[in-house]
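Single-letter residue listing:
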Amino acid sequence: MAKHQSKQHSQQQVSSAETKIAENSFQVQLQELLNQKKYRQALEEIKKNQRSHPNIEFTPKESEIWLLRGQQEFQKQDFKQAEKSFGRALEFGLVGEVHYWQARCLLELKQLDAALNLLRNVFEAGTLPKEYSICYLKLLLLKGDTATVEQLIQEQSKRFSAAQLHWVRGVLALKNGQPETALTSFLKIKRAVTDGDLPLAWVVYTQQISGNWDAAADLLGLKSSLFGQPKYLEHPILERLAIFQQGKTAQEPLKSINPRTTVDKNIQEALTVLQMLQLIDQGDHHGAAHLLLKIERRSPRFPELESLRPLLLTLAGQQALNQGEPSCAELFWQPLLTEQPFNPQLAINLLEVFDANDHDQERPRLLTRFLKWLEQEAKQKPQEWPAQRLKATQAHLHCWMADAYMALDRERAALGALQQAERICPTSPELLGRKGLIETMEENYTEAIALLTQSLESGCRHEEVYSTLLHCWNRLGDRQAFNEARRKFGKHFGDLNIEPQIETSPWIDALSTLSYPLFSRMVETENPRDPAIRACQIFVNAAQSPPNSGGRVSLDQKAAAKVWETILQRLAGQEQIAVLQAIALSIHLFAKREKGIAALISQYRQNLIDLSIEYPEARVANLVVLAVKESSPKKLELPVRFYLDIMPQPGNALANIQLQARRFGEITTLIPFLDEALRREPQNPLLLLARATTYDVDHPNYEQLKQQGFELARRLQDAKALQAFREEQAFLNNRETQSVMPDPEQFDNLNMSNVDDLLEGMLKKLLGNKMPKADFERMLPELKKMMLNRMPDFSDEEDEDEDDDEIDLDFIFRNASSTSKKRKGRRKAGFQELL
């Protein structure tokens, strides 16, 4: 017996030791799983270990792990599974926090009654901890049972904390229309009464209900703050209140909510919708449409957006096109063709946008849809589409198809489309125009002119037909017919200024030569009654030496300053501006860097600064001098920014300074300011031209920026910008003419014995690199004769008619652009007149 008992005791000791070892090992394993938040695996391990060691002990308890698992599932918005996990925790006897989370799950599952019954049972049983008693009252308020709430806080107030009672009384006061009483209660709450609650939110909401918008704005941080992010970005509830206030008052624009710190997608969507509506109110349909496209299509929270979408995208596309942003217009319009019934006017607009965006592959596909729609319309509504109208419209569309194929270098397909148009309507103005283009490509200019003219007279409004007609007349050298065509048809293409006059002050022309010999010759022949010219003449008269290798002369500063002072004293304030600018620039460009020169320039600049108080144009003149004179942009930082800050159109104002300054050298000091302005206004044609002038004219960027700006100016019909481009081209023409002219000294004592050599030298500079040597030698006698008949004068600004495109410098950048022989891209207009 004793031996048996000893053996049994020994076995119990071994089993106990094994259980202890198992407990220690399992506790380590369990803790590792909990640290990794692998609650499901932890529960499975508990179940497995309990089968082999029923009495095994571990921490935390299984009920607490079920709570953790439920909270994890709740965060993942898996509310059904979370509700089951919380239910398991309840089965294991856990109370308090688990009831709170179980109730929240049931609310998310739209089971308010079940949640209320759950908390009512534990509250009445007295097992609901005090810190969670408020959850029962919250559910009663959601149910609308304020009577029970009032009874509970009166009869069982000891079961609630002071903060909970303040909160409930505040809510009841709000429900009873007593916001001031509610505010008193809410201000007494210093901490959240339940997880996720925010005492400040109730204070803000009460202030909003009371109409105290300024107080609410202060609490939310809606008013400008110098440091940190505004208060409303710290919590989703505050974000909602900020959106609500912005919608009611539009006091301050809300800052963008950083999606990395904001998890509430509903808030982000609401803010986006609010910003979109504000932009619509401001007339910014372009910006509003970008926000609309960020919002989920057919948003369940904002179903009204679906009816707003077509109209907003239509208006936004037109506004984007007017603003010179065709890529945005395409982004807005293209979805409408699939979302709405086929709209022919929208299709016409999109074809132009595809062309502007070089999306040539899209055009044939859209035109194919267009033709199918037209065929169906004609069958369904024959009374609206009589044979003549239908055939003309179909031919027009096939001509557009030909244009699209040409842009894709599919010439055979393009000819096929034109043949189809000719079978349908051989008298179509559009067809005649395209046939004229083909004749032009074959250099059959006489036949082309007849077809192109007939096309335009019959109503064709295809821009390339017009520009090609001008090209043909120019190739034939008939300037009179060229101008007559512009007068007759130009109004249909925005070409209203038949002979644009470019007038530049003589003193500017003289200084812009950047050559002292030319400068001195030009000012000597000008009218001395012009004060600015007189100032330049004084500089020349005060020169004490011939120009050095750098083209600079020694200046008698005292003598010049004395005469300049006499001139200035006789002039009114505004009349002094051009004189002061001419003096400062002539000194900077042509005077040797001797002692006193810098001070002299500064003196006349100071005079301009003094005049700028009364005459704003004096500030511009000073900035032009400063841009020419200084080599570092830093020295222009303060005066330029000060000037731009007071200008209503700072981009145009800055461009004006650069375009004036560029006449007096290669001006690069304004590049940082121009780049900054272009980031703000990337579609400003004047800024694009100004930035182009910071490059050498032979640099690819010069031509690219200039052409981009010109196309924008032409599309927007910006008269001021178009004039600036004409002035730039006239300046380049004058400079090119100057470059081929011999030194002025060669004109002294010029006679027929040496004029032949002079003309030959000029022609070599002009054409020597543009044609084969043999052709040049063959044409040289005739070219000399032409030049002798039209020898330019230094002061003559008018360009004579040229007989060859190679030297037709004034035609290149006119309002009606010339058309290359093999141009592929086509511009379309006028089809809307047929619909």
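Residues numbered from 1 in each chain as written. Predicted model: local features only at pLDDT ≥ 70, side-chain atom pairs only at ≥ 80, totals over all residues. Heavy atoms only, no water.

Some thoughts on the overall build of the chain
Put simply, the rule is: To qualify as a helix, a DSSP run of H or I must reach at least 4 residues; to qualify as a strand, a run of E must reach at least 2; elements of each kind are numbered from the N terminus. The classification of residues rests on relative accessible area computed with a 1.4 Å probe and restricted to protein chains. Under 20% of the type maximum is buried, over 50% is exposed, and intermediate values are partly exposed. Note on areas: Shrake-Rupley, 1.4 Å probe, and residue coverage restricted to the protein chains presented here.
A count of helices and strands for the chain gives 40 helices and zero strands. Looking at the chain as a whole, 47% of its 835 residues are labelled buried. As displayed, the chain offers around 43,600 Å² of accessible surface, 49% of which is attributable to carbon and sulfur atoms.

Considering the pattern of salt bridges
In plain terms, the rule: Salt bridges are defined as contacts in which a side-chain nitrogen from Lys or Arg sits within 4 Å of a carboxyl oxygen from Asp or Glu.
Evaluated as defined, the whole model comprises 24 salt bridges. Where R69 meets E73, a salt bridge forms, and the shortest distance between an N and an O atom there is 3.0 Å. Residue R69 and its partner E73 are located together in helix α3 (residues 62-75), separated by four residues, close to a single helical turn. Judged on exposure class, the residue R69 and its partner E73 are both buried. Put simply, K635 and E630 hold a salt bridge, and the shortest N to O gap is 3.7 Å. Residue E630 is classed as buried on the basis of its relative accessible area, which comes to 15%. Taken together, the salt bridges that share partners define one network made up of E637, R641, E676 and R680.

With respect to the packing of aromatic side chains
One pair of aromatic rings is described through two measures. These are the centre distance and the angle between the planes. Operational definition: Ring geometry is summarised as follows: Phe, Tyr and Trp rings, the Trp one being its six-membered ring, pair when their centres sit within 6.5 Å, and such pairs are stacked at plane angles under 30 degrees, edge-to-face over 60 and tilted between the two. Ring-over charges, as used throughout, are those where CZ of Arg or NZ of Lys falls within 6 Å of the ring centre and within 35 degrees of the ring normal.
Counted under the stated rule, the structure contains 20 aromatic pairs. Taking the centre distance of 6.3 Å and the plane angle of 75° together, the rings of F519 and F539 count as edge-to-face. Separated by 20 residues along the polypeptide, F519 in helix α27 (residues 516-525) and F539 in helix α28 (residues 531-541) bring together distant segments of the chain. Residue F519 is classed as buried on the basis of its relative accessible area, which comes to 0%. Overall, the relative accessible area of 0% leaves F539 in the buried class. Grouped by ring-pair contacts, the aromatic residues F74, F79, F86, Y100, W101 and Y132 constitute a single cluster. A cation over a ring is seen here: R159 above F123, with NZ or CZ 3.7 Å from the ring centre. Between R389 and the ring centre of W385, over which it is positioned, the NZ or CZ distance is 4.0 Å.

Focus on helix α37 (residues 700-716)
The line we're drawing: A helix is expected to reach a length of 1.5 Å times the quantity of its residues less one.
A rise of 1.5 Å per residue sets the reference length of α37, with its 17 residues, at 24 Å; its end C-alpha atoms lie 24 Å apart and thus fit the reference within 8%. Burial in α37 covers these residues: Y702, L705, K706, G709, F710, L712, A713 and R714. Positive backbone phi, at 50°, marks Q717, one or two positions downstream of α37.

A short note on the nonpolar core
So the rule is basically this: For this analysis, a nonpolar core means a set of buried residues of the types Ala, Val, Leu, Ile, Met, Phe, Trp, Tyr and Cys, connected via side-chain atoms within 4.5 Å. Between two residues, a contact is recorded if the distance between any of their heavy atoms is within 4.5 Å.
Within the largest apolar cluster, 85 residues are counted, with the highest numbers of intra-cluster contacts made by F519, F539, W564 and I587. Setting aside residues up to four positions removed in sequence, W564 forms contacts with A535, I538, F539, L555, I583, I587, L600 and Y604. Of all hydrophobic cores here, the second largest spans 59 residues; its members include V273, L279, W385 and C399.

Considerations on the packing of α28 against helix α29 (residues 557-569)
The criterion, for reference: To obtain each axis, a line is fitted to C-alpha atoms, and for helices this fit is confined to the stretch in contact; angles are then taken between N-to-C directions over 0 to 180 degrees. Our angle categories are set so that under 35 degrees counts as roughly parallel, over 145 as roughly antiparallel, 65 to 115 as roughly perpendicular, and the remainder as oblique. For any pair of crossing helices, the crossing counts as left-handed if the nearer helix is rotated counterclockwise from the farther one by less than a right angle, and right-handed if it is rotated clockwise.
The N-to-C vectors of α28 and α29 enclose an angle of 165°; their axes lie 9 Å apart at closest approach. One finds that α28 runs roughly antiparallel with respect to α29. By crossing handedness, the relation of α28 to α29 is classed as right-handed. Seen from α28, the contacting residues are R534, A535, I538 and F539; seen from α29, they are A560, V563, W564 and I567.

A closer look at unusual backbone geometry
Even without a glycine there, the phi angle at L514 is positive, about 60°. Of note, L514 is situated in the loop between α26 (506-511) and α27. Under the relative-accessibility criterion, L514 is labelled partly exposed at 44%. Located in the positive-phi region is Q717, a residue other than glycine, with phi close to 50°. By the secondary structure assignment, Q717 is in the loop between α37 and α38 (719-740). Looking at Q717, the relative accessible area reads 39%, which means it is partly exposed.

A closer look at the environment of K80
As for its position among the elements, K80 is in helix α4 (residues 79-91). C-alpha of K80 to C-alpha of C105: the two residues are 25 residues apart in sequence and 7.6 Å apart in space.

With respect to the environment of E443
Within the fold, E443 resides in the loop between α22 (429-441) and α23 (445-457). Through-space distance from the C-alpha of E443 to that of R475 is 9.5 Å; in sequence the pair is 32 residues apart.

Considerations on helix α35 (residues 671-680)
Inclusion rule: By definition, the arc is the one covered by directions from the helix axis to the C-beta atoms.
Listed as buried for α35 are I671, F673, L674, A677 and L678. All buried residues of α35 lie within an arc of 160° about the axis, which places them on one face of the element. Each element contacted by the buried residues of α35 is listed here: α33 (637-645), α34 (650-661) and α36 (685-692).

Some points on the side chain of S455
Among the structural elements, S455 can be located in helix α23. If sequence neighbours within four positions are ignored, S455 has contacts with P429, L432, G433, C460 and V465.

Examining the confidence of the model for the chain
Atom-level detail of predicted coordinates should not be read off regions where pLDDT is low. Operational definition: Each residue carries a pLDDT value, the predictor's own confidence for that position, ranging from 0 to 100.
Residues at a pLDDT of 70 or more form 81% of the chain, whose mean pLDDT is 80. Ignoring residues within four places in sequence, the model shows residues 257-263, a span with pLDDT below 50, making seven contacts including any to other chains. Considering only residues more than four positions removed or in separate chains, one finds that residues 790-835, a stretch of pLDDT under 50, has 122 contacts.

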